[in-house]
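One letter stands for each residue in the lines below.
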Amino acid sequence: MNVKGIAEALLPRSPLVDKLLRSLGRDAELPLSQKVSKGVRFLTASTSAPFYLRECTQVGARARTQGRPVIVNQGELHIGDDLNLNCAFSPVQLSTAPGGVLEIGNRADINFGTLLSAHARVSVGDRARIGPYCILSDTGTADASPSADAPLPAQPISVGHDVWLAGRVTVLPGASIGDGSVITAGSVVSGAIPAGVIAGGIPARVLRRLEAGAPAGAAELTGPTEVTGPTGPTGPSAGARLAAAAQRLPAASEAADAVRPAVALRGLAISDFTIDELAQQLEQDLEAPGLALEVAPFGQVMPTLMELGSGARSAPDFALVWTRPEAVLPSFAELLAFKPVAPERLLEEVDAFCALLTQGVKGCRFAFVPTWVLPAHNRGLGLLDTREGPGLRHALTRANLRLMENLARASNVHVLDAERWVQAVGRNALNPKLWYLGKVAFHSDVFAEAVKDLKAAVRGLTGGARKLVVVDLDDTLWGGIVGDQGWQNLRLGGHDSVGESFVDFQHHLKALTRRGIVLAIASKNEESVALEAIRSHPEMVLKPEDFVGWRINWQDKARNIADLAAELNLGLQSVVFLDDNPVERARVREALPEVLVPEWPEDKLLYTSALLSLRCFDAPAISKEDLERTQMYGSERQRDALKEQVGSLDAWLQSLGIQVKAEPLSASNLQRSTQLLNKTNQMNLSTRRLTEPELQAWASAPGHRLWAVHVSDRFGDAGLTGLVSVEVEGTRARVVDFVLSCRVMGRKVEETMAALVVAYARTQGLSEVVADFLPTKKNKPCLTFWEGSGFTREGERFRWDASAPYPVPGFIQLEEAP
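Residues numbered from 1 in each chain as written. Predicted model: local features only at pLDDT ≥ 70, side-chain atom pairs only at ≥ 80, totals over all residues. Heavy atoms only, no water.

Undergrad: Explain the overall build of the protein chain to me, please; I cannot follow it from the model alone.
TA: Helix and strand counts for the protein chain stand at 27 helices and 39 strands. Residue pairs in contact within the protein chain that sit at least 24 positions apart in sequence constitute 60% of those at least 6 positions apart. (Helix = DSSP H or I, 4+ residues; strand = E, 2+ residues; numbered from the N terminus. Contact = heavy atoms within 4.5 Å.)

Here is the structure:
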């Protein structure tokens, strides 16, 4: 006889026994020992529940408890049918204060370590499932024994039907969660969460809207309601599964029309605090590029870095290493306790941490390290806190400076300013309640700032920085309408707050040109009137020579911006447009979606702060070419003027006196070469992107050769504007990179670079040169060159027989450095 038959023969029939028999019947494949164990657990939980729940006001049928809960009922505690309390590893605590009401609906499952406390009212709906170590308290306290002697202010909490709470969720006073919603692990719920959504974070916000029937899918991910241990189906891993479910569900209604970018890079977050909220925000962010972030085990900073450095763990595309100073610098922890610490010891610990970090992330393309911060509420030694020795602020400032100096030596590691994120959020940026509730070091708004800077950094490192700012004139560059008022009456400078703000705004626009960003104008005005104002107004900071071009007319601004970008050989993805008029902004956004059109403040006193807050100009380095870009475009205008005077193209090129210098990759040109490789799109054969170490390693490998190409003429030096590299494959030289800045395209520099490659193949005794074109949306000019280069085309491959030389254009003077 099987176990089910034994139970039928020995146990008196009842609804409870019937439920057990049905369960055993479903588990026909289980071994006998597991069936018996399950039956014993079931009967023990069911028979002990009436005793353990005797303090409740009302208990429904078939309640079950696994282990003993803590019940403190000084008000009313109502429990529905089929309750399941799991207290196997830590007791569930149910408490009411005098006058408080706690209601738990039918078929609810509540996991170990969870607290429900009602001083006013806490209601939990039918079929609610609450994970381990959750807190639902209408006073915000974790007091399991409320006293009538000291009543606390309370705000009712409402949890709807079919709601799922993952592990360590805190529901704050006054919060409500709609029917069928899911809250991810470690979240703090405040305010109202609508029905039928997945929400998470601190504070919890809507991440996805559930489709009809989605809760059942979530149930499959969470596993059975019976808990076998802290890492079982409803243990802490449940939150990760619910978050995974959220990733597969359709976007919430407020973001339904937006398109999340495809994941371009995958990273690893290494931290000594709970950082899941940042990973969640990063993956939900709609701004390109799409980034995915895996979270390393909690608090395992050093082991994870050592694992990465040893190669035991495969390196991600990027790493985020965010730590608290007291967690990685033992001497700083001692300073927090006001123990004396030698400054040299603190710096030695910073050096050791940096050495471990750089070794650990050496295989990553990029690594980001936020600076160390202290909460505003920690005044340290007050008056003495900025002095050497005991002062916390002084020590932390020195530690951060040493951190920046050390990590600057690693070309793939970049330090991010966490202090600015904290300042942007304010006093609650480092809230101690978040730490004690979930080991969360920062408010979710700090993580939001970090996400924006992290994405800006990745864009800059992958060549996505903006290069051209197109500005309007009236009420954007100056106050007033120049065509109506005349330039003498514009609000610009003087003893006027608005006029002063416009002057300051122009100063900061000009400062952008010292970072390699160029300026242009798109304005609806009479050109002669506007240019007279620019030339004549004594308070104008920007002069005509500060602009690389302008379109001052009465035509559509979208068309004018497109013409300017084409004239400068820049893609629209390089353009930022600033205009005070919301109609013009909307028009450009709609017509030219690749152009960045930030919302612009109505208050003209905020123009400068709005400009400085833009995250679109981040770049890993500023080269000599960047600093001279405006001057180079000025020289280009001179070339164009000469071109109009000279009859033929060949005669014009001959008159320029073009000089090309090709040199091998070296420490002096590595930074600019990497920048050119990652930023150039149009004249780019393969559009591969590499970091400085990756490019250096590739160029140093046997059979590889790379030339950095400098171009100059009688109007000026264009700087390092080209790269060409080859890889020897048997008797063939294959062109790997063929990159040329748009500033010198069309001057036969392309042919000179091809001649370099063919000459190298001939000296090496190779039989042929091939170039494989990899098409992108933007590199059609590169294909056009190769089609007219004289190479033989075979599909996307271009071939040259190395037995014949490739001629250098006669009007170009080529110098090849050894």
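Next comes the rest of the account.
Undergrad: Looking at this structure, I do not really get the packing of helix H12 (residues 418-425) against helix H14 (residues 444-461). What am I missing?
TA: Where H12 contacts H14, the two axes come as close as 9 Å, and the packing angle between them is 135°. Between H12 and H14, the angle is such that the two are oblique. You can see that H12 and H14 cross each other, and the crossing is right-handed. In this structure, H12 uses Arg420, Trp421, Ala424 and Val425 to contact H14, whose residues at the interface are Asp445, Val446, Glu449, Ala450 and Asp453. Its residues assigned to classes, the contact of H12 with H14 shows five nonpolar, no polar and four charged. (Axes fitted to C-alpha atoms, helices over the stretch in contact; angles between N-to-C directions. Parallel < 35°, antiparallel > 145°, perpendicular 65-115°, else oblique. Left-handed = near helix turned anticlockwise from the far one by under 90°. Nonpolar A, V, L, I, M, F, W, Y, C, P; charged D, E, K, R; others polar.)

Undergrad: For this particular structure, what's the right way to read the side chain of Glu449?
TA: For Glu449, the position within the fold is in helix H14. A residue is classified by how much of its surface remains accessible, and Glu449, at 16% relative accessible area, is buried. Excluding its chain neighbours within four sequence positions, the residues that come into contact with Glu449 are Arg420, Trp421, Ala424, Val425 and Arg615. (Buried < 20%, exposed > 50% of the residue type's maximum accessible area, 1.4 Å probe, protein only.)

Undergrad: Got a minute to help me understand helix H25 (residues 692-700) in this structure?
TA: Helical geometry note: an α-helix holds 3.6 residues per turn, so side chains three or four residues apart project in the same direction. Of the positions making up H25, those classed as buried are Leu695, Trp698 and Ala699. Along the axis of H25, the buried residues cluster in a sector spanning 95°; they form a single face. Contacts made by the buried residues of H25 are with helix H24 (670-679), strand S33 (704-713), strand S34 (716-729) and strand S35 (732-740). (Arc of directions from axis to C-beta.)

Undergrad: Please explain the side chain of Gln281 as it appears in this structure.
TA: Structurally, Gln281 is set in helix H6 (residues 276-284). A polar contact is formed between the side chain of Gln281 and the backbone oxygen of Ser444, at a distance of 3.1 Å. Here Ala448 takes part through its backbone nitrogen, which lies 3.4 Å from a polar atom of the side chain of Gln281. For Gln281, the residues in contact, after removing those within four places along its chain, are Arg205, Ser444, Phe447, Ala448 and Val451. (Polar contact = N/O pair within 3.5 Å; in protein donor to acceptor, adjacent residues only side chain to side chain.)

Undergrad: What is the right way to look at the nonpolar core in this model?
TA: With 43 residues, the main nonpolar core has Val735, Phe738, Val769, Trp786 and Phe791 as its most contacted residues. Here this core gets nine residues from one element, more than from any other, and that element is helix H26 (residues 749-763). Setting aside residues up to four positions removed in sequence, Val769 forms contacts with Ala733, Val735, Val757, Val758, Ala761, Phe791, Phe798, Arg799 and Trp800. Core analysis: the second largest hydrophobic core is formed by 38 residues, Leu83, Ile157, Val189 and Val197 among them. (Core = buried A, V, L, I, M, F, W, Y, C linked by side-chain atoms within 4.5 Å.)

Undergrad: Can you help me understand the sheet that holds strand S17 (residues 182-183) in this one?
TA: In a beta sheet, neighbouring strands pair by backbone hydrogen bonds and run either parallel or antiparallel. Ordered by their spatial adjacency, eight strands build an open sheet running S2-S5-S8-S11-S14-S17-S20-S21, and the pairing between neighbours is mixed. Each edge of the sheet is formed by a strand with only one pairing partner; in this case those strands are strand S2 (64-66) and strand S21 (205-209). Note that strand S11 (residues 129-130) and strand S14 (residues 164-165) share two bridges and pair parallel. Bridge pairing links Arg129 to Trp164 in S14. (Pairing = 2+ DSSP bridges.)

Undergrad: Help me understand the sheet that holds strand S18 (residues 188-189) in this model?
TA: If you trace the six strands from one edge of the open sheet to the other, you get S3-S6-S9-S12-S15-S18, paired in parallel fashion. Across the chains shown, the open sheet's two edge strands, defined by having one partner strand only, are strand S3 (70-73) and S18. The pairing of strand S9 (residues 115-118) with strand S12 (residues 135-137) spans three bridges and is classified as parallel. Bridge pairing in S12 links Leu115 to Ile135.

Undergrad: What exactly am I supposed to notice about the pairing of S9 here?
TA: Two faces make up the sheet, and in a regular strand the side chains alternate between them. Residues of S9 alternate between two faces, with Leu115 and Ser117 on one and Leu116 and Ala118 on the opposite face, all of them buried. Where strand S6 (residues 93-96) and S9 come together, four bridges link them in parallel fashion. From the neighbouring strand, Ser95 faces S9, where its bridge partner is Ser117.

Undergrad: Quick question: what am I supposed to make of the pattern of salt bridges here?
TA: As a working rule, side chains carrying opposite charge can pair if their charged atoms are close by. Scanning the model with the defined rule gives 39 salt bridges in all. In this structure, Lys557 engages Asp579 in a salt bridge whose closest nitrogen and oxygen atoms are separated by 2.5 Å. Taken as a pair, Lys557 in helix H18 (residues 557-567) and Asp579 in the loop between strand S30 (575-578) and helix H19 (582-591) lie far apart in primary sequence, 22 residues in all. Each member of the pair, Lys557 as well as Asp579, is classed as buried. (Salt bridge = Lys/Arg side-chain N within 4 Å of Asp/Glu carboxyl O.)

Undergrad: When you look at the packing of aromatic side chains in this model, what are you seeing that I'm missing?
TA: Centre-to-centre distance and the angle between the planes together describe a pair of aromatic rings. Tallied over the entire structure, the rule returns 23 aromatic pairs. Plain terms: the ring middles of Trp600 and Tyr607 are 5.6 Å apart, the flat faces sit at 50° to each other, and that makes the pair tilted. Pairing Trp707 with Tyr760 gives two aromatic rings, centres 5.6 Å apart and planes at 80°, and the pair type is edge-to-face. A residue pair is termed long-range when its members are at least 10 positions apart, and Trp707 in strand S33 and Tyr760 in helix H26 qualify at 53 residues. The buried category is assigned to Tyr760, whose relative accessible area is 12%. (Phe/Tyr/Trp six-rings, centres within 6.5 Å; stacked < 30°, edge-to-face > 60°.)

Undergrad: I tried to follow the confidence of the model for the protein chain on my own but got confused; where do I start?
TA: Caution applies to low-pLDDT parts of the model: their predicted coordinates are not meant to be read in detail. Residues of the protein chain with pLDDT of at least 70 account for 83%, and the chain-wide mean is 83. Ranking the helices and strands of the protein chain by mean pLDDT puts strand S24 (residues 318-322) first, with 97, and helix H4 (residues 214-222) last, with 35. Every residue in residues 6-17 is under pLDDT 50, and counting partners more than four places away or in other chains gives ten contacts. Below pLDDT 50 for its whole length, residues 40-45 participates in ten contacts with residues either more than four positions away or in separate chains. (pLDDT = per-residue confidence, 0-100.)

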